Amino acid sequence: MNHVLAVIPVYEHHEPVVAVVEGLLAADVPVLLVDDGSSDACRTALAELPTRYGSTRVRVLRLPANLGKGGAVMAGLREAARLGHSHALQIDADGQHDTSDVPRFLAASRSEPTAVVIGRPVFDDSVPKGRLYGRYATHVWVWINTLSLAIRDSMCGFRVYPLQAVVPLLDHVALGRRMDFDPEVLVRLHWRGVHFVNLDTQVRYPAGGISHFQMFRDNVRLSWMHTRLFFGMVVRLPLLLARRWRT
């Protein structure tokens with residue numbers, strides 16, 4: 001059976017993350033909160049959670065400075081491996097993901113323990129239209145850079161990683177540290193032959209929620225990432241084509 005740890009990158013989301021933690025604990029999943037250089041108020045609030053829920057069920061990893069979402073997730077994945085876990089469940093701190101779907105994600109991971117289980121969002125009317133339409137550009141580039149439709153949504157931050165596959169990648173490739181991390185890590189895992197399981201999951205954007213997506217800067221980062229990955233795909237083209245012909 002998989003030994004799973006939930007990894008939650010947190011930057012100023014100390015209020016909504018409490019409900020996320022409670023949802024994970026209800027599914028019997030221990031939690032690692034990665035404090036990504038938050039303010040004193042957030043750090044203090046997070047520090048109370050291991051006492052409230054038990055230090056074996058909730059841990060806090062404090063980063064000395066803000067590394068960005070990707071940097072925080074990578075630190076959490078490495079810590080999960082160090083603690084002896086076989087898998088890590090990544091989920092956002094802002095409450096947009098439905099923790100009632102956690103058992104389905106874990107069941108899929110147990111069924112295919114070497115695969116990455118990724119959420120395929122089913123949005124309600126709360127999704128900002130600019131964010132919704134912008135996702136499709138990334139989807140198309142991911143499909144081009146993998147020559148595959150195996151990754152149905154590369155931007156969803158609700159997923160389960162097999163640490164045996166992802167940690168060596170982190171150790172050998174300099175991945176994007178901000179919003180570019182989520183799609184890049186999946187493309188590079190695909191290049192390494194990792195299989196993917198896609199699960200539909202409800203996603204909502206809470207009213208008054210804090211978003212750290214910077215429209216200009218993060219879109220520039222994503223564009224540069226897609227460009228780098230495209231040239232990486234060209235180098236790997238014979239291997240990717242051979243894989244398609246075998247399947």
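The structure this text deals with has already been given above.
Below: a short report on this structure. (Residues numbered from 1 in each chain as written. Predicted model: local features only at pLDDT ≥ 70, side-chain atom pairs only at ≥ 80, totals over all residues. Heavy atoms only, no water.)

Remarks on the overall build of the protein
Alright, step 1. Each helix and strand counted, the protein has 9 helices and 7 strands in total.
Alright, step 2. With the C-alpha coordinates aligned to their principal axes, the bounding extent of the protein is approximately 55 × 40 × 35 Å.
Alright, step 3. Out of the 247 residues in the protein, the part that is buried amounts to 51%.
Alright, step 4. Nonlocal contacts in the protein, meaning residues at least 24 apart in sequence, comprise 80% of its contacts between residues at least 6 apart.
Alright, step 5. Here the protein has roughly 11,500 Å² of accessible surface; of this, 56% comes from carbon and sulfur atoms.
Alright, step 6. Computing the positive centroid from 28 side-chain charges and the negative centroid from 23, the protein places the two 8 Å apart. (Helix = DSSP H or I, 4+ residues; strand = E, 2+ residues; numbered from the N terminus. Buried < 20%, exposed > 50% of the residue type's maximum accessible area, 1.4 Å probe, protein only. Contact = heavy atoms within 4.5 Å. Areas by Shrake-Rupley, 256 points an atom, 1.4 Å probe, with all protein chains shown as cover. Lys, Arg positive; Asp, Glu negative; His and termini not counted. Charge placed at Lys NZ, Arg CZ, Asp CG, Glu CD.)

Some points on the pattern of salt bridges
Alright, step 1. Within this structure, the stated rule accounts for 9 salt bridges.
Alright, step 2. With its nearest N and O atoms 3.0 Å apart, the salt bridge here joins Glu184 to Arg188. Of the two residues, Glu184 and Arg188 both sit in helix α7 (residues 181-191), 4 residues apart, roughly one turn of that helix. No difference in accessibility class separates Glu184 from Arg188, as the two residues are buried.
Alright, step 3. Taking the relative accessible area as the measure of exposure, Glu184 reaches 0% and is therefore buried.
Alright, step 4. Residues joined by salt bridges that share partners form a network here, namely Lys69, Asp92, Arg159 and Asp182. (Salt bridge = Lys/Arg side-chain N within 4 Å of Asp/Glu carboxyl O.)

A word on the side chain of Asp101
Alright, step 1. Considering the arrangement of structural elements, one finds Asp101 in the loop between β4 (87-90) and α4 (102-111).
Alright, step 2. Among the residues examined, Asp101 registers a relative accessible area of 11% and is labelled buried.
Alright, step 3. In terms of polar contacts, Asp101 uses its side chain to reach the side chain of Thr201, at 2.7 Å. (Polar contact = N/O pair within 3.5 Å; in protein donor to acceptor, adjacent residues only side chain to side chain.)

Considering the environment of Glu112
Alright, step 1. By the element assignment, Glu112 lies in the loop between α4 and β5 (116-123).
Alright, step 2. The class for Glu112 is partly exposed, based on a relative accessible area of 34%.
Alright, step 3. In this structure, the C-alpha to C-alpha distance between Glu112 and Phe123, residues 11 residues apart in sequence, is 26 Å.
Alright, step 4. When near neighbours in sequence (up to four residues on either side) are disregarded, Glu112 contacts His195 and Val197.

Section: α7
Alright, step 1. Of all 11 residues in α7, 11 are buried; the element is thus mostly enclosed.
Alright, step 2. Taken together, the buried positions of α7 are occupied by Phe181, Asp182, Pro183, Glu184, Val185, Leu186, Val187, Arg188, Leu189, His190 and Trp191.
Alright, step 3. Gly193 lies just past α7 and shows a positive phi near 90°.

Things to note about the environment of Phe181
Alright, step 1. Along the chain, Phe181 falls in helix α7.
Alright, step 2. Residue Phe181 is classed as buried on the basis of its relative accessible area of 0%.
Alright, step 3. Setting aside residues up to four positions removed in sequence, Phe181 forms contacts with Gly70, Val73, Met74, Leu77, Gln90, Tyr161, Leu170, Leu175 and Gly176.

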